[in-house]
Amino acid sequence: MKNRILVVDDEPSIAMLLDYNLKLADFDVRCVHDGGAVLESIRSFRPDLLVLDLMLPTMDGVQICRKLRSEGSRIPIIMLTAMQEVSDRIAGLDHGADDYMIKPFSPQELISRIRAVLRRVGASAPQPPATDIHLGDICISSERREVTLNGKLIDLTPKEFELLLYLCQHQGRALSRQQLLQNVWDYHFLGDTRIVDVHISHLRDKIEADPRTPRYIQTVRSVGYKITDPLTVHGQRKSVSSALRLNWEESS
């Protein structure tokens, strides 16, 4: 079966361009031009992915993202925006969009990004038995796609969950932004690494007691990020401190 793509854009020329190119790429496409029609179209068309313009009549793209995520929808969303300000693009990511593209854009690049997202969410290869990952006070269940902190469930977007899981699977390793783009977003071309920074910032807001002095997700200067177990690090420091004190006492 063809993957179904719902395109939401109030510019007829953009909608026609996407409809033509996506159908040429063997997708089943439906276009709507008003934000108010999106929810009903999702129920009737049941798309595999949503290409969503930020500026729409009736209900804008951020409002649509917020509503879908609040209702528990995990449908992947790629936001289209003519906004040049980073803060405007972050607003979409902050409310559940998986990615964004700035107008004008290449239809071929958008198609590549759509396929990358669909590969991630539609992967059906047999997986080894899932085991929970424990890191400090955090527990990650890849089977249930749940994260708890001190026993309390943390509300993460699908992309935040995938990013946190990947970091934890490579605990202690410094990972570049480009590595994270390739392995979490599946972008095997030079992507916008600010997407990584935005999602890291959101993760820190949700799992760190003080996001400005993170205990888990560390910035590695000139490289990217790594995740560490603060309890293990603390234990190592305590052991070193005890050993130094013992040596000092023995030499006294």
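Everything in this summary refers to the structure shown in the same document. (Residues numbered from 1 in each chain as written. Predicted model: local features only at pLDDT ≥ 70, side-chain atom pairs only at ≥ 80, totals over all residues. Heavy atoms only, no water.)

1. A short note on helix α2 (residues 38–45)
Two residues of an α-helix separated by three or four positions point the same way, owing to the 3.6 residues in each turn. Every buried residue of α2 is listed here: V38, L39, S41, I42 and F45. Taken around the axis of α2, the buried residues stretch over an arc of 165°, which confines them to a single face. Among the structural elements, β1 (4–8), β2 (28–32), β3 (49–53) and α3 (61–70) are those in contact with the buried residues of α2. Of the residues trailing α2, R46 is marked for its positive phi of about 50°. (Buried < 20%, exposed > 50% of the residue type's maximum accessible area, 1.4 Å probe, protein only. Helix = DSSP H or I, 4+ residues; strand = E, 2+ residues; numbered from the N terminus. Arc of directions from axis to C-beta. Contact = heavy atoms within 4.5 Å.)

2. A look at the nonpolar core
Ranked by internal contacts, the top residues of the largest apolar core, which has 50 residues, are L50, L52, L164, L180 and I217. Top element by residues in this core is helix α6 (residues 158–169). It accounts for seven residues. In this structure L180 touches L163, Y166, L167, L175, W185, V196 and Y225, once residues within four positions along its chain are discounted. With 19 residues, the next largest nonpolar core counts A25, L49, V51 and V117 among its residues. (Core = buried A, V, L, I, M, F, W, Y, C linked by side-chain atoms within 4.5 Å.)

3. Some thoughts on the packing of α6 against helix α7 (residues 177–184)
Direction vectors running N to C along α6 and α7 enclose 115°, while the axes themselves pass 11 Å from each other. For α6 against α7, the interelement crossing comes out right-handed. Contacts from K159, E162, L163, Y166 and L167 of α6 reach α7 at L180, N183 and V184. (Axes fitted to C-alpha atoms, helices over the stretch in contact; angles between N-to-C directions. Left-handed = near helix turned anticlockwise from the far one by under 90°.)

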